Structures are given as C-alpha cells and as structure tokens.
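# Understanding the architecture of this molecule
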Amino acid sequence: MPPVSSVTVSESNGLTFLDVDNALATARISLFGGHILSYVPKSDDKERLWVSPHAYLNGERPIRGGIPVCWPWFSDDHGREKGALPSHGFLRTQVWKLIDSKDDDSGTTIELSPSFTRADGFENECNVSMVIKVGNTMDVSLITENTGVAPFEFNCALHTYFHVDHIQHTLISGIEGQYKDKLDNWALKATPTPYAITGETDRIHLAPIKTADIEVDGNAFTQVVSEGNDSLVVWNPWQSAASISDMDPFGYKHMLCVETSLTQGKTLAPSECHTLKQTIVPRQANV
C-alpha cells in the first residue's frame, strides 16, 4: 500500500525512511527498528529529538538517538547472563513494515509492525504494532496483544532521546517519589528537587508518572506525557559518552533521555492488549 501524500519514502545505505511533512510538523522514521529520528513542530520549528552524529544508519547496530523501541525486555532484564541476549530486546534491530497511513486535519497517522515477535528469550504468541501520530504533538503508541492461549509477562519502553540546548541549563519537573539508581547498585533514593542533571545519571523512577516537563534556561520546552507505564527512566551518560563508540564525547550536553517504560513486569492474559503511549508536547518559551 503506497503511503499518503504527506509521506515520502526514501532509501540510504540500505535503510528505508519515511519522511512526514504536513501543515503542522515534520518527522522522520526509519523502518529499521521502527525508529523515529526527528520531530519538528511547525509552531516553533525546533527539533525535539536528538540523534547522535555518529549513529549507525546502515543497519549494523541499533540507532543511537531518536526513539528506540525496547521490547520484550528492558535493558538486560531478560533472565540470562548479561550479553546472552540483546539489550532492550530484538525489535530495534529488525525491519518494520508500513501497515497503514492516513492524513486528516489533525496530522498524519502511520501504523508500523515488526517482521517478527518471537525470538530467543521470548517464545510467546503475540502481535505488536506501533501507531505514530504527527501533528501539533507527536503521539507514539506501542501496542502488544496476546494472541496465544497462555498468559505471558513482558517489559517495554519508548527510550526517547530529547534534544536540549545544554544539559547544564536543563531542569525536569513533574517527577516525584523514589527511584532506583543503577549507578549505585540499584539503591532506592528520593527524587531531587529541583531536578537537574549534574553528572552521569541512570534512574528508574518507580511510579506511573504521567507528565514530566523539560525546561531549558528556565523556559518550558517539551512536555512528556505517558500512558500505560509503570515507570519513567531518566538517563544521561555524561562524560561516559566518551566510551560509547557511536556517541560524540560531548554529545551528552545536548540530550536527555526521558523514557516512558514498563520495567516491573506486565502480565497479559490471552486476548488482552496493552498500549504504552508517549505524547511529545511542544511548549512555547516565555517571551
């Protein structure tokens, strides 16, 4: 099925891209990984996502930046030795298919599905799809349906890399409660107030947080609205970025991951469906 008029298909280095350009916004999506790379609302023409300039855009590795899809496990929480199975699951390294696209006054809607959902480490019967709405906001819905006869447990995340002008001028608001600190042997800690990023950060906030705001230089820039989550993950590698092969040593200054996540195990009964949704809401700077 050919896409609607707002969507252009292109190929580069063996990858296929969908470029969306409608009256409200532009976006770029790689079918490798079902991976959103760009979202620019025309209300202010400012990029909301960050992609590493050293990202592999040839299918050799998962793409660093944008919105990686983590499924059916998060990080290395797959029940085996670390490295025995791919980190964050196996959807972000396969080619997805364009199932449908639609245009209306509120924007462009695109539906994608992965090539397969069963692999080593996850042998359950299910369907997975992703519905992306590009308009004044960007809605990303990751939908998992149990099509088998037995329940199964899974985790997933929309591992979004948000663009910020400078991490040291950035604050997060709207997050409360405790988090698990991966950098301190998963110690439980209280969320800081104000919430600034001042060093390497890898935190799982253990609550179904619905709204978080990213503020840059004291101005609201991007609001992150989550549905169907049990956690919100905040990550910035800081100077450890220098040891990440597909990341510039100073790339950490211009990105902040705020990830709509299931990390505590979601059980789906036969015929049950779950939607993990992240909405990216551009906020206008104070003038």
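Model, not experiment: these values are computed from the prediction. (Residues numbered from 1 in each chain as written. Predicted model: local features only at pLDDT ≥ 70, side-chain atom pairs only at ≥ 80, totals over all residues. Heavy atoms only, no water.)

Check the secondary structure of the protein and you find zero helices and 21 strands. Relative to a compact globule of 287 residues, whose C-alpha radius of gyration would be 19 Å, the protein shows 18 Å and is just as compact. The C-alpha extent of the protein, read off along each of the three principal axes, is 45 × 45 × 35 Å. For the protein, with 287 residues in total, the buried portion stands at 52%. (Helix = DSSP H or I, 4+ residues; strand = E, 2+ residues; numbered from the N terminus. Rg over C-alpha atoms; globule rule 2.2 N^0.38 Å. Buried < 20%, exposed > 50% of the residue type's maximum accessible area, 1.4 Å probe, protein only.)

The next subject is the sheet that holds strand 1 (residues 7-12). Read from one edge of the open sheet, four strands run 1-2-3-4, paired in antiparallel fashion. Strands at the two margins of the open sheet, each flanked by one partner only, are strand 1 and strand 4 (35-41). Adjacent strand axes in the sheet meet at a mean angle of 15° when their direction is disregarded. Here strand 2 (residues 15-21) runs beside strand 3 (residues 25-30); their pairing, made up of five bridges, is antiparallel. Each residue of the ladder has a partner; that of valine 20, found in strand 3, is alanine 27. (Pairing = 2+ DSSP bridges. Axes fitted to C-alpha atoms, helices over the stretch in contact; angles between N-to-C directions.)

As recorded in UniProt, the sites labelled "active site" (unreviewed entry) are His159 and Glu259. The greatest C-alpha distance among the annotated residues, which extend across 101 residues, is 4.6 Å, indicating that they converge on a single site. Considering only the annotated residues already named, the ones lining the largest pocket are His159 and Glu259. Along the chain, histidine 159 turns up in the loop between strand 10 (152-158) and strand 11 (161-163). (UniProt positions renumbered as here; feature names shortened; annotations may be inferred. 1 Å grid on protein atoms, 1.4 Å probe; cavity = no way out; pocket = protein on both sides within 12 Å on 5 of 7 lines; lining within 4 Å.)

What follows deals with the packing of aromatic side chains. Applying the stated rule across the entire model yields nine aromatic pairs. Three or more aromatic residues joined by ring pairs make a cluster, and in this case those are Trp71, Trp73, Phe90, Phe116, Phe122, Phe152 and Phe154. A cation sits over an aromatic face here: arginine 28 above phenylalanine 17, 4.2 Å from the ring centre. Of note, lysine 180 hangs over the ring of tryptophan 186, and the distance from its end group to the ring centre comes to 5.3 Å. (Phe/Tyr/Trp six-rings, centres within 6.5 Å; stacked < 30°, edge-to-face > 60°. Lys NZ or Arg CZ within 6 Å of the ring centre and 35° of its normal.)

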